[in-house]
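Summary of the model geometry
As a plain string of letters, each chain reads:
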Amino acid sequence: MSVTEGIDKTRIPKHIAVIMDGNGRWAKQKGQDRIYGHQAGAESVRQITEACGELGVEYLTLYAFSMENWDRPKYEIEALMALLVETIENETDDLIKNNVRILAIGDLKKLPEDVEQKLSNCMQRTAVCTGLKLVLALSYSSRWEITEAVRKIATQVKEGSLELEDITEETVSNNLATNSIPDPDLLIRTSGELRISNFLMWQLSYAELYFTDMYWPDFGKEELRKAIIDYQRRERRFGKTSEQVREETEE
Ligand code: IPE
Ligand code: IPE
Ligand code: MG
């Protein structure tokens, strides 16, 4: 089935964010090492990136490695970093061919040097691409991001370039790592966990949340199609009444 089947092309979420969870359990279920699950997860990333390109989604943000994931066993961190380098090396040419631009959010200074270099090279090479923007959340935590924003804003006030009274919600947004990126419309979390795990807490304020029991390596184009159809059935009210929303869409 085509990924566009049954989808209203005029109401595609502009920004989809994904908490790609369940790689380890997927592998364990198969009697394999967790790393095998991460490798399989990389294939899902390819599938979902391709599908989002086809659908005309503008931004896809993938939670690939959280700040808290630095507390995992050393061998798993090393395997994840190696997989990241390998994937970037193998995929950059195809990304350019498919007009996909890579962006990254997170405390990238914490990444091993080779990962940081490969990533920044990939970001530079894909900077000319005008299609889907694939945002990788790496060494990312929402509390880290908000703390950094507070620090930046406080510095501006201290230096006299910003008045206290002029601090607005926009000031906060503009000082987050996601400053040029619109808020997600749809958040997908796989693996049956019903939590946010320190991901985009400011930006998800009005996102539609979609949870599935499926482990990330099993999440493919058909699953994405189902999530978008579910999203399109919902009424986004942003605090207003249903009547107001309907009047607005009729206008
Ligand atoms: C998600 O899968 C990938 C990362 C967090 C890097 P997990 O590795 O968390 O898999 P589970 O949740 O243990 O099954
Ligand atoms: C969230 O998954 C982080 C990523 C998907 C990168 P975790 O597996 O780390 O989340 P928790 O610890 O179960 O909340
Ligand atoms: Mg997990």
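First, a word on scope: everything that follows refers to the structure included in this document. (Residues numbered from 1 in each chain as written. Chains lettered and ligands numbered in written order. Predicted model: local features only at pLDDT ≥ 70, side-chain atom pairs only at ≥ 80, totals over all residues. Heavy atoms only, no water.)

Before going further, it helps to examine the packing of helix α3 (residues 74–97) against helix α4 (residues 113–126). When two helices pack together, their arrangement is given by the angle between their axes and by how far apart the axes lie. Close contact between α3 and α4 brings their axes to 10 Å; oriented N to C, the two are set at 15°. Judged on the interaxial angle alone, α4 and α3 are roughly parallel. For the pair α3 and α4, the sense of crossing is left-handed. For the pair α3 and α4, the contacting residues are Met81, Leu84, Val85, Ile88, Glu89, Thr92, Asp93, Leu95 and Ile96 in the first and Asp114, Val115, Lys118, Leu119, Cys122, Arg125 and Thr126 in the second. Broken down by class, the residue content of the contact of α3 with α4 amounts to 9 nonpolar, 2 polar and 5 charged. (Axes fitted to C-alpha atoms, helices over the stretch in contact; angles between N-to-C directions. Helix = DSSP H or I, 4+ residues; strand = E, 2+ residues; numbered from the N terminus. Parallel < 35°, antiparallel > 145°, perpendicular 65-115°, else oblique. Left-handed = near helix turned anticlockwise from the far one by under 90°. Contact = heavy atoms within 4.5 Å. Nonpolar A, V, L, I, M, F, W, Y, C, P; charged D, E, K, R; others polar.)

So, about the side chain of Ser191. Checked against the element boundaries, Ser191 lands in the loop between β5 (186–189) and β6 (208–211). According to the relative accessible area criterion, Ser191 is buried, its value standing at 7%. Discounting residues that sit within four places of it in the chain, Ser191 has contacts with Asp21, Gly22, Arg25, Thr212, Asp213, Met214 and Tyr215. (Buried < 20%, exposed > 50% of the residue type's maximum accessible area, 1.4 Å probe, protein only.)

For the rest of this paragraph, the subject is the site of ligand 1. Surveying the vicinity of ligand 1 reveals 13 residues, the closest of which are Asp21, Gly24, Arg25, Arg34 and Arg72. Arg25 has a polar backbone atom sitting 2.7 Å from an oxygen atom of ligand 1. In the environment of ligand 1, an oxygen atom lies 2.7 Å from a nitrogen or oxygen atom belonging to the side chain of Arg72. Within the complex, the protein chains bury 87% of what would otherwise be the 370 Å² of accessible surface of ligand 1. With respect to the pocket detection grid, ligand 1 is positioned in the largest pocket. For the shell around ligand 1, the secondary-structure elements that each account for two or more residues are α1 (23–29), α2 (34–55) and α3. Among the elements that line the shell around ligand 1, the one with the most residues is α1, at 3 residues. When grouped by side-chain class, the residues that make up the shell around ligand 1 number 3 nonpolar, 5 polar and 5 charged. (Near = heavy atom within 4 Å. Polar contact = N/O pair within 3.5 Å; in protein donor to acceptor, adjacent residues only side chain to side chain. Areas by Shrake-Rupley, 256 points an atom, 1.4 Å probe, with all protein chains shown as cover. 1 Å grid on protein atoms, 1.4 Å probe; cavity = no way out; pocket = protein on both sides within 12 Å on 5 of 7 lines; lining within 4 Å. Sits in = over half its atoms within 2 Å of the grid points.)

Another point: the packing of aromatic side chains. This model, assessed by the stated rule, comprises 7 aromatic pairs. Relative to Tyr36, the ring of Trp26 has its centre 5.6 Å away and its plane inclined at 25°; by these criteria the two rings are stacked. With Trp26 in helix α1 and Tyr36 in helix α2, this pair connects stretches of sequence that are 10 residues apart. Judged by centre distance (6.0 Å) and plane angle (90°), the ring pair of Tyr140 and Phe199 falls under edge-to-face. Of this pair, Tyr140 sits in strand β4 (residues 133–140) while Phe199 sits in the loop between β5 and β6, and the two are 59 residues apart along the sequence. Each of the two residues, Tyr140 as well as Phe199, counts as buried. (Phe/Tyr/Trp six-rings, centres within 6.5 Å; stacked < 30°, edge-to-face > 60°.)

Turning next to the packing of α2 against helix α7 (residues 221–232). Closest axis-to-axis distance for the α2/α7 pair is 9 Å, and the angle between their directions is 50°. Overall, the two elements α2 and α7 adopt an arrangement that is oblique. Considering only the axes of α2 and α7, their crossing is right-handed. Where α2 approaches α7, its residues Gln47, Ile48, Glu50, Ala51, Cys52, Glu54 and Leu55 are matched on the opposing element by Lys221, Leu224 and Ile228. For the contact of α2 with α7, the residue count by class is 6 nonpolar, 1 polar and 3 charged.

Okay, the site of ligand 2 next. The environment of ligand 2 is made up of Ile19, Met20, Asp21, Tyr63, Ala64, Phe65, Ser66, Asn69, Arg72, Arg189, Arg195 and Ser197. Side-chain polar atom of Arg72 to an oxygen atom of ligand 2: 3.2 Å apart, as the coordinates give it. At 2.8 Å from an oxygen atom of ligand 2 is found a side-chain nitrogen or oxygen belonging to Arg195. Relative to its unbound accessible surface of 390 Å², ligand 2 loses 78% to contact with the protein. Here ligand 2 is seated within the largest pocket. With 4 residues, the top contributor of residues to the shell around ligand 2 is strand β2 (residues 59–66).

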